[in-house]
Amino acid sequence: MTTPQDIIRRDVLAMTSYPVPDASGYVKLDAMENPFPLPAPLAAQLAEHLAGVALNRYPAPRPGELLDKLKRVMHVPANCDVLLGNGSDEIISMIAVACAQPGAKILAPVPGFVMYQVYAQLANLEFVGVPLNADFTLDTGAMLDAIDKHQPAVVYLAYPNNPTGNLFDENDIERIIAAATRSLVVIDEAYQPFAERSWMPRAGDFDNVVVMRTVSKLGLAGIRLGYLAGRPAWLTELDKVRPPYNVNVLTQATADFLLDHIDMLDAQAAQLRAQRARLAQEVAALPGAEVFPSAGNFLLVRVPDASATFETLLGARVLIKNVSKMHPLLANCVRLTVGSAEENTQLLAALKLALH
Ligand SMILES: *Cc1c(COP(=O)(O)O)cnc(C)c1O
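Residues numbered from 1 in each chain as written. Predicted model: local features only at pLDDT ≥ 70, side-chain atom pairs only at ≥ 80, totals over all residues. Heavy atoms only, no water.

Engineer: An account of helix α4 (residues 64-73) is requested, with residue identities and associated values reported.
Structural biologist: All of the buried residues along α4 are Leu 66, Leu 67, Lys 69 and Leu 70. Seen end-on, α4 carries its buried residues on one side only, within an arc spanning 165°. Structural note: α4 exposes Glu 65 and Arg 72 on the side pointing more than 90 degrees away from its buried face. On its buried face, α4 is in contact with β2 (81-85), β8 (226-230) and α12 (249-258). Just downstream of α4 lies His 75, where phi reads positive at about 55°. (Buried < 20%, exposed > 50% of the residue type's maximum accessible area, 1.4 Å probe, protein only. Helix = DSSP H or I, 4+ residues; strand = E, 2+ residues; numbered from the N terminus. Arc of directions from axis to C-beta. Contact = heavy atoms within 4.5 Å.)

Structure (structure tokens):
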């Protein structure tokens, strides 16, 4: 009789599924979700809109009207196409699959977003992680050396970076783009609503650059929609590995509806930016806490004992992310998602308990 161990890849057998802790009963500040639900009148309108969706039909593989609206609302340059993914996670997977030639590599600064490495491995590509400087700025010299040495197919730059929260220096990024003449440089702008800085206006300016976004951190994590903007020469090829019906009809219809209400989502992002400033200031005043600058809807904080802080917060029913074991540069660091004013007040009270 065959067992999974006979058939499944060794590296998959050795993996663990992506951990998502059960957060019921907790103030959930571990996954950079937007804390605000849709206003009730808008939710009712959306329900009516969704009631008209043909669930019996496959989704449009390249929904023209939705793509046009997305381009318009998100200011995608005219010389760029847009490719949709079931979250930007799926786009990261598609890029890996499309580039998975023997010996091909994917390079990114570390600590960074773990999915670049996960999907590289799953597509049998080597992942090259280039450590950031201790202050989480790019080690541009090391990046350029690694690009020269490894000639990676893909270079990821998250702007801002997760979990460190900072925006890399624009000149450093330009030098990397200029040096990566044999690579595709993917600028990951998952946190763009909180950064107020973007490479999107320049997405069509380079031979080797695409810009990736998601609506997840904007308040729509549940619908799973990511998008990639770039020159048609790249997107036409990547589209060939996209599962044909990867973005379902309810997601398409919800996005179509809510893109007409982007002002509401932008206003929520503005509130969260204000809360980020408040949280940064108040956490920095706590004994032993070092807060790093953030352009995302989260704060990276170094504390005297990350495990103890995590456990104390858990006891106070506040769920955060202990990132201290992810990378040596993150020693004793925790990541706090910026929540609503009330959630942040609870978080601060719990942090006071932990740090006093
Ligand atoms: C959250 C996140 C994503 C993935 O977002 P989804 O669209 O929800 O899959 C991509 N990149 C970074 C840096 C993120 O933090």
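Engineer: Any details on unusual backbone geometry? Residues and values, ideally.
Structural biologist: Following Val 110, the chain continues to Pro 111 via a peptide bond in cis, the omega torsion being 0°. Along the polypeptide, Pro 111 turns up in the loop between β3 (105-110) and α6 (114-122). Following Asn 162, the chain continues to Pro 163 via a peptide bond in cis, the omega torsion being 15°. Structurally, the position occupied by Pro 163 is in the loop between β5 (154-158) and α8 (170-179). Residues other than glycine seldom take positive phi values, yet Glu 196 does so here, at roughly 55°. Of note, the phi angle at Asn 332 is positive, near 60°, even though the residue is not glycine. We classify Asn 332 as partly exposed; its relative accessible area is 30%.

Engineer: Before we move on, can you summarise the side chain of Asp 188 with the specific residues and values?
Structural biologist: You can see Asp 188 is positioned in strand β6 (residues 184-188). Put simply, Asp 188 is tucked away with no salt bridge, and the nearest opposite charge, on Lys 217, sits 7.2 Å away. A polar atom in the side chain of Asp 188 sits 2.6 Å from the side chain of Tyr 116. Not counting residues within four places of it along the chain, the set of residues in contact with Asp 188 comprises Phe 113, Tyr 116, Leu 157, Ala 158, Tyr 159, Pro 160 and Met 212. (Lys, Arg positive; Asp, Glu negative; His and termini not counted. Salt bridge = Lys/Arg side-chain N within 4 Å of Asp/Glu carboxyl O. Polar contact = N/O pair within 3.5 Å; in protein donor to acceptor, adjacent residues only side chain to side chain.)

Engineer: Explain the layout of surface pockets to me, and be specific about the residues and the numbers.
Structural biologist: Each pocket or cavity is described by its volume, and for the largest pocket that value is around 1200 Å³. As for the largest pocket, its lining consists of 44 residues, and the residues nearest its centre are Tyr 18, Asp 89, Phe 113, Met 115 and Lys 321. At the level of elements, α5 (88-99), α6, α10 (216-220) and β12 (321-322) are the ones that each hand at least two residues to the lining of the largest pocket. For the lining of the largest pocket, the element with the most residues is α6, which contributes 6 residues. Across the lining of the largest pocket, the residue classes tally to 25 nonpolar, 10 polar and 9 charged. Both domains that meet at the lining of the largest pocket, namely domain 1 (4-40 + 263-354) and domain 2 (55-261), each give it at least three residues. (1 Å grid on protein atoms, 1.4 Å probe; cavity = no way out; pocket = protein on both sides within 12 Å on 5 of 7 lines; lining within 4 Å. Points joined across faces, edges and corners; volume = space filled by probe spheres on them. Nonpolar A, V, L, I, M, F, W, Y, C, P; charged D, E, K, R; others polar. Domains from an automatic or database assignment.)

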